[in-house]
Amino acid sequence: MIKLPGAMNNIQMVDLDGQYRSIQPQIDQAIAKVLQEGRFIKGEEVGLFEQELAEYTGAKHVIACANGTDALQIALMALQLQPGDEVIVPAFTYVATGEVIALLGLVPVFVDVNPDTFNIEISQVEQLINSRTKAIIPVHLYGQCCDMEGLLAVADKFGIHVVEDTAQGIGALYSFNNGSSKQAGTMGTIGTTSFFPSKNLGCYGDGGALFTNDDDLALRIRMIGNHGQARQYYHEIVGVNSRLDTLQAAILRIKLRHLNEYSKARNLVAERYDAALVNDERYNNPARDPKSTHVFNQYTLRVNGINRDQLREYLKENNIPSMVYYPLPLHQQNAYNRYNHNDQLLQNSIFLCKEVISLPIHTEMKAKTQEYIIGKILAF
Ligand SMILES: *Cc1c(COP(=O)(O)O)cnc(C)c1O
């Protein structure tokens, strides 16, 4: 018999306040410094953060921008895709990944995901490629890398670009068969990430970045993010205005120093969930891809034979928040269902939307709080 602790309040999906308090003196000092210097746009912290993130990830170039959605848009603009070009994108992802494709007049082509890893189903990619296919956007969903070995092989064979959406996977490490390993975001043509507060490396507002190992692409990305100008007031190409604030860069420099420890803390929480739920057949623990480490932006279960929404309601009654990432696949969204797709090929995305549930996971989770959550889930 498991002894249940009494009711608990204040359980959060993500404890940003607790994390802030753990590094408050450094953060407050960094913010004060930016305020005193007054260089809120293009202050030196931005360039320093870019350098430090390049060192951390192993990417040759890091270019910061305003958010993760902009990063995706700028990536596709830098690849100079033309209206009507096709871009393959998972149907089971956050909307931003598909949105930027449509926004640029490109055509999203939806691919299914693997029901165990939730990541792109590589075996399906090849049949979706035709002469108009110019790029594919794998999403390292919930914090685990896609099968990049398989994906890069297909992309190479057909000469298409790979833009890795690393918004949820920063810091995850992927091992290739030849023994080399690379971080999420640094394996494709371009990688993108988000510093939205609840992401693994989150700032206190919006932020994003692009990664590339290609010198020419890096220059082009920088130009596009800065109104297409190489020098001030001379515009070579059509660009956008997408900058990371100096304040956010200063905050991110502090938090980057803790990212490994944050990933470890998230893994510890995930292991405790795994161990507690593995023998309950109503819950399918998230599968680990042996070729990737996991940074657990989300801990996402699949329910088996029980009603997911009833479980959520019950958890809520017990003050336990949960989330569904995501309740509707992209190809069934009103904004995107007009794009050609084959429902038969997207069955996993459809049923996952009904079966997934994400549990609280963050860097400040106390063992006691988690015991309470687990106790309630088992008692459902
Ligand atoms: C958060 C997220 C984005 C968008 O990032 P923003 O900074 O919110 O624009 C893109 N893709 C995925 C998979 C995400 O989780």
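Here the structure is a predicted model, which means the values were calculated and not measured.

Observations concerning the sheet that holds strand E13 (residues 299-303)
Adjacent strands of a sheet pair through backbone hydrogen bonds, lying either parallel or antiparallel.
Consideration 1: One open sheet accounts for three strands, arranged E12-E13-E14; its pairing is antiparallel. Single-partner strands in this sheet number two, and they are strand E12 (283-284) and strand E14 (356-359).
Consideration 2: Bridge count between E13 and E14: four bridges; the pairing is antiparallel. Counted as the bridge partner of leucine 301 is isoleucine 357 from E14.
Consideration 3: Contacts from helix H11 (residues 308-317) reach E12, E13 and E14 within the one sheet, and its direction differs from that of E14 by about 25°.

A look at the nonpolar core
Consideration 1: Ranked by internal contacts, the top residues of the largest apolar core, which has 33 residues, are Leu76, Ile101, Phe110, Ile190 and Leu210.
Consideration 2: Among the elements of the structure, strand E1 (61-65), helix H4 (68-78), strand E2 (86-90), helix H5 (95-103) and helix H8 (215-225) are those that each provide at least two residues to this core.
Consideration 3: Considering every element that reaches this core, the biggest residue donor is H4, with seven residues.
Consideration 4: Each of two domains, domain 1 (22-109 + 120-256) and domain 2 (259-379), supplies a minimum of three residues to this core.
Consideration 5: Phenylalanine 110 has contacts with Val89, Pro90, Ala91, Leu128, Leu330, His331, Tyr336, Tyr339, His341 and Leu346, leaving out every residue within four places of it along the chain.

A short note on the site of the ligand
Consideration 1: Taken together, 14 residues are adjacent to the ligand, and Gly68, Thr69, Asp165, Ser194 and Lys199 come closest.
Consideration 2: Contact distances for the ligand include 3.4 Å between an oxygen atom and a side-chain N or O atom of asparagine 67.
Consideration 3: Within the side chain of aspartate 165, an N or O atom sits 2.7 Å from a nitrogen atom of the ligand.
Consideration 4: Coverage of the ligand by the protein chains reaches 92% of its 380 Å² of free accessible surface.
Consideration 5: When residues of the shell around the ligand are traced back to their parent elements, those giving at least two are H4 and H5.
Consideration 6: Of the residues contributing to the shell around the ligand, the split by class is five nonpolar, seven polar and two charged.

Structural notes on the pattern of salt bridges
Consideration 1: The final tally for this structure, using the stated rule, is 17 salt bridges.
Consideration 2: Where arginine 21 meets aspartate 17, a salt bridge forms, and the shortest distance between an N and an O atom there is 2.8 Å. Placement of both arginine 21 and aspartate 17 in helix H1 (residues 16-22) is noted, with a separation of four residues, approximately one turn of the helix.
Consideration 3: Judged by its relative accessible area of 51%, arginine 21 falls in the exposed class.
Consideration 4: The partner of glutamate 45 in a salt bridge is lysine 33, with the nearest N and O atoms 3.3 Å apart. Of this pair, glutamate 45 sits in helix H3 (residues 44-57) while lysine 33 is found in helix H2 (residues 24-37), placing the two residues twelve residues apart along the sequence.

So, the domain arrangement of the chain
Consideration 1: In terms of domains, the chain is made up of domain 1 (22-109 + 120-256) and domain 2 (259-379).
Consideration 2: Taking only C-alpha atoms, the centre of domain 1 and the centre of domain 2 are 25 Å apart.
Consideration 3: Between domain 1 and domain 2, the contact holds 40 residues from the first and 31 residues from the second.
Consideration 4: When residues of domain 1 are sorted by the area they lose upon contact with domain 2, Phe92, Tyr142 and Asn200 head the list and together hold 25% of the total.
Consideration 5: Lysine 291 is the salt-bridge partner of glutamate 149, the closest N and O atoms lying 2.7 Å from each other.
Consideration 6: Looking at the side of domain 1 that touches domain 2, the elements that each hand over two or more residues are H5, strand E3 (107-111), helix H6 (122-128), strand E6 (173-175) and helix H9 (246-256).
Consideration 7: If you tally residues by element for the side of domain 1 that touches domain 2, the top one is H5, at four residues.
Consideration 8: Looking at side-chain class alone, the side of domain 1 that touches domain 2 contains 21 nonpolar, 14 polar and five charged residues.

Thoughts on a nonpolar patch on the surface
Consideration 1: A surface patch of nonpolar side chains, amounting to about 270 Å² of accessible area, comprises Leu35, Phe40 and Ile41.
Consideration 2: Residue position: isoleucine 41 is located in the loop between H2 and H3.
Consideration 3: On the basis of relative accessible area, isoleucine 41 is assigned to the partly exposed category, the value being 39%.

A word on the environment of threonine 246
Consideration 1: Residue placement: threonine 246 occurs in helix H9.
Consideration 2: Residues threonine 246 and valine 46, spaced 200 residues apart in sequence, show a C-alpha to C-alpha distance of 5.7 Å.
Consideration 3: When near neighbours in sequence (up to four residues on either side) are disregarded, threonine 246 contacts Val34, Arg39, Phe40, Ile41, Lys42, Gly43, Glu45 and Val46.
Consideration 4: A polar atom in the side chain of threonine 246 sits 2.7 Å from the backbone oxygen of arginine 39.

Side note on the packing of aromatic side chains
Consideration 1: Tallied over the entire structure, the rule returns ten aromatic pairs.
Consideration 2: Measuring from ring centre to ring centre gives 6.1 Å for tyrosine 20 and tyrosine 204, while their planes differ by 90°; the resulting arrangement is edge-to-face. Within this pair, whereas tyrosine 20 is found in helix H1, its partner tyrosine 204 is found in the loop between strand E8 (190-194) and strand E9 (208-212), the two being separated by 184 residues in sequence.
Consideration 3: According to the relative accessible area criterion, tyrosine 204 is partly exposed, its value standing at 31%.
Consideration 4: Ring centres of phenylalanine 49 and phenylalanine 195 lie 5.4 Å apart, and the angle between their planes is 75°; this geometry places the pair in the edge-to-face category. Of this pair, phenylalanine 49 sits in helix H3 while phenylalanine 195 sits in the loop between E8 and E9, and the two are 146 residues apart along the sequence.
Consideration 5: The class of phenylalanine 195 is buried, set by a relative accessible area of 0%.
Consideration 6: Following the ring pairs from residue to residue traces out a cluster consisting of Phe92, Tyr94, Tyr325 and Tyr326.
Consideration 7: It is arginine 231 that lies over the ring of tyrosine 234; its NZ or CZ is 4.0 Å from the centre.

Rules of the game
Residue positions are given per chain, counted from 1 along the sequence in the order it is written. It should be noted that, the model being predicted, local features are given only for residues of pLDDT at least 70 and side-chain atom pairs only at 80 or more, the latter also being counted only at that level, while totals for whole chains, interfaces and linings use all residues. Hydrogen atoms and water are omitted, and side-chain values are computed over all heavy atoms in the structure. If DSSP finds at least two bridges between two strands, the strands pair. Helix and strand assignments follow DSSP, with helices taken as H or I runs no shorter than four residues and strands as E runs no shorter than two, numbered in order from the N terminus. In this description, contact between two residues means that some pair of their heavy atoms is separated by no more than 4.5 Å. Working convention: axes come from line fits to C-alpha atoms, limited for helices to the stretch in contact. Angles between N-to-C directions cover 0 to 180 degrees. Residues grouped as a nonpolar core are buried Ala, Val, Leu, Ile, Met, Phe, Trp, Tyr and Cys residues, joined through side-chain atoms within 4.5 Å. A simple rule labels every residue: compare its accessible area, found with a 1.4 Å probe on the protein chains alone, to the largest value its type can have, and call it buried under 20%, exposed over 50%, or partly exposed in between. Start and end points for every domain follow an automatic or database-based domain assignment. Nearness here has a simple test: a residue counts as near a molecule or strand if at least one of its heavy atoms is within 4 Å of that partner. As used in this structure description, the phrase polar contact means that two N or O atoms lie within 3.5 Å; if the pair is within protein, one of them must be able to donate a hydrogen and the other to accept it, and residues adjacent in sequence are counted only when both atoms belong to side chains. Surface exposure here means Shrake-Rupley accessible area, sampled with a 1.4 Å probe, where a residue is shielded only by the protein chains that are shown. As a working rule, the residues Ala, Val, Leu, Ile, Met, Phe, Trp, Tyr, Cys and Pro are called nonpolar, Asp, Glu, Lys and Arg charged, and the rest polar, with Gly in that last group. The term salt bridge refers to a pairing of a side-chain nitrogen on Lys or Arg with a carboxyl oxygen on Asp or Glu at a separation within 4 Å. Two parts placed together each lose some accessible area under a 1.4 Å probe, and adding up what both lose gives the buried area. Without a salt bridge and with relative accessible area above 30%, a residue can belong to a patch; like charges are then joined within 9 Å and nonpolar side chains (Val, Leu, Ile, Met, Phe, Trp, Tyr) within 5 Å. Only Phe, Tyr and Trp rings take part, Trp by its six-membered ring, and two of them pair if their centres are within 6.5 Å. Stacked means planes under 30 degrees apart, edge-to-face means over 60, and tilted covers everything else. A ring is scored as having a charge over it whenever the NZ atom of a lysine or the CZ atom of an arginine sits within 6 Å of its centre and within 35 degrees of its normal.

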